[in-house]
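Listed here are the chains, written in short residue letters.
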Amino acid sequence: MSGPLLGLAGFCVVIALIMLRMPVAIAMGAVGVIGVTITNSWNAAGFMLGRAAFDAAFPYSLSIVPLFVAMGVFAAHAGLSRALYSFVAAFIGHLRGGLAMATIGACAIFGAICGSGIATAATMGRVALPEMRRLGYADSLAAASVAAGGTLGVMIPPSILFLIYGLLTEQSIGKLFFSGILPGILGMLLYMAAVWFSVARNSQAGPAGPKSDWPARLVSLKDVWKVLLLFGVVLGGLYFGWFSDTEAAAVGAFGAAFMAWATGNLSRESLKKSLAETGITTGMIFTILIGANIFNFFVESTGLTDFLVDYVKGLGWNRWMVMFALMVFYVILGALMDEISMILLTVAPVFKLVTTLGFDPIWFGVMLITVCEIGMIMPPVGINLFVIQGVGNLPMATVVRGIMPFACADFVRLFLICVFPWLATWLPNKLI
């Protein structure tokens, strides 16, 4: 078997193992070790295995990952999610579907200090689902709005997926963060439109809630300034050059921890839980990084990346046809595996292909994260669907039943970013 075919076979084996529920890091690492043994020798595989963990985890730039993870964890413990939900609900909760729209708005703002779609969905689900159920919302709409709104956490900065993409492709983290702002706002508005569409079809799915008067609305502002301050300090520091990427993450983590302490929500027990959660999440990410490093070494040794680039060039396709094929591939892959694994597994060969075809790497990063968002709510493996199923104790069929308008909204957003690339590139080019 030729080298490129062996690399392609290895890729297929990894996907098959993941679908069989083998942990992603083990699947990539095991296939990588076996592949290097076949293409080189056992001694080469042993040497590579000994270096992989160090090479994957040693770079100083990776210290940004646990810091932004900690920022999101402490923000959740500070009780900011409930304050955000109350703030948005005070302004639009009286509309039909208003609480679902408020959930999406609160997810967007919370995503600005969390960086994780899973954490955003889980945190907001605990706050929003009981309120929507109390007012008689259909479980399908309530669950779908939280699941979809949670995905905004991976687009609106600071985003863990943008961090990983930037570190793997050596792109500016600051530019990637700013590139996600407009697409994130667009996603929020399109999700709200999906709620409107859902209640227009069935008015009983999202009944109007009580209308808040202006004094109540002003009171709801009292805790929102903390979120805006934290978001502004992190991104403002990057924009004005006060901090490096890693320093901005450290400031964000400290700021979130301080807010949790100032609100009385950071007891010794919650501090232990926060640090443990940060450690577990960071360990998961770094373990996958190590597995991906082993597998990518194997893929590079087979020459698969160069083969794919040359093969696509030989097809004579228009570059936009290639991009369309890539997006279809990622939508399918995103419905079968989690998004961090998907990026780590594929970004090395795909990034070389898209840059060779002349696509802007920042723009492609936004396209990739948008497709990741679609994957997070697409059955059968959309991770946010399982998160909301667990948080709300709902049948999976109920969660899936309401998700299609939101998935369609994501496809509309993907099309708009493709047609109007400035949605992703204007802000970072203007500010950095």
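Note: the structure precedes this text.
Predicted model only: the values in this text are computed from it and were never measured. (Residues numbered from 1 in each chain as written. Predicted model: local features only at pLDDT ≥ 70, side-chain atom pairs only at ≥ 80, totals over all residues. Heavy atoms only, no water.)

**Points about the side chain of Thr 282**
Reasoning step 1: Structurally, Thr 282 is set in helix 15 (residues 268-302).
Reasoning step 2: Looking at Thr 282, the relative accessible area reads 12%, which means it is buried.
Reasoning step 3: With residues near it in sequence (within four places) discarded, Thr 282 still touches Pro 66 and Val 69. (Helix = DSSP H or I, 4+ residues; strand = E, 2+ residues; numbered from the N terminus. Buried < 20%, exposed > 50% of the residue type's maximum accessible area, 1.4 Å probe, protein only. Contact = heavy atoms within 4.5 Å.)

**Things to note about the nonpolar core**
What tends to happen in soluble globular proteins is that the nonpolar side chains get buried as a cluster.
Reasoning step 1: By size, the foremost hydrophobic cluster in this structure holds 157 residues, and its most contacted members are Phe 68, Tyr 85, Met 132, Phe 295, Met 327, Phe 364 and Phe 406.
Reasoning step 2: The dominant element in this core, judged by the number of residues it contributes, is helix 6 (residues 98-114), at 12 residues.
Reasoning step 3: When sequence neighbours within four positions are dropped, the list of residues in contact with Phe 295 reads Gly 10, Phe 11, Val 14, Met 28, Val 31, Gly 32 and Leu 345. (Core = buried A, V, L, I, M, F, W, Y, C linked by side-chain atoms within 4.5 Å.)

**Focus on the state of the cysteines**
Reasoning step 1: As enumerated under the stated definition, the model contains 0 disulfides in all.
Reasoning step 2: Here Cys 418 stays unpaired: no disulfide links it, and the sulfur of Cys 372, its closest cysteine neighbor, is 16 Å away. (Disulfide = S-S within 2.5 Å.)

**Details of the packing of aromatic side chains**
Reasoning step 1: Under the defined criterion, the tally for this structure stands at 15 aromatic pairs.
Reasoning step 2: Aromatic pair Phe 254 and Phe 258: ring centres 6.5 Å apart, planes at 20°, arrangement stacked. On the criterion of helical spacing, the pair formed by Phe 254 and Phe 258 is a turn pair, its members being 4 residues apart in helix 14 (residues 245-262).
Reasoning step 3: Residue Phe 258 is classed as partly exposed on the basis of its relative accessible area of 45%.
Reasoning step 4: What links up through ring pairs into an aromatic cluster is the set Phe 11, Phe 329 and Tyr 330.
Reasoning step 5: Positioned over the ring face of Phe 359 is Arg 319, at 4.4 Å from the centre of the ring. (Phe/Tyr/Trp six-rings, centres within 6.5 Å; stacked < 30°, edge-to-face > 60°. Lys NZ or Arg CZ within 6 Å of the ring centre and 35° of its normal.)

**Overview of helix 17 (residues 319-334)**
Reasoning step 1: Spanning 16 residues, helix 17 covers 22 Å between terminal C-alpha atoms, matching the ideal 22 Å at 1.5 Å per step.
Reasoning step 2: When helix 17 is considered as a whole, its buried residues turn out to be Val 322, Met 323, Leu 326, Met 327, Tyr 330, Val 331, Leu 333 and Gly 334.
Reasoning step 3: Residue Asn 318 occupies the N-cap position of helix 17, its side-chain oxygen lying 2.7 Å from the main-chain nitrogen of Trp 320. (Expected span 1.5 Å × (residues − 1). Polar contact = N/O pair within 3.5 Å; in protein donor to acceptor, adjacent residues only side chain to side chain.)

**Quick word on the environment of Met 132**
Reasoning step 1: Take Met 132: it is sitting in helix 7 (residues 117-134).
Reasoning step 2: Sequence separation of Met 132 and Gly 279 is 147 residues, and the distance between their C-alpha atoms is 33 Å.

Geometric values such as these leave the question of function open.
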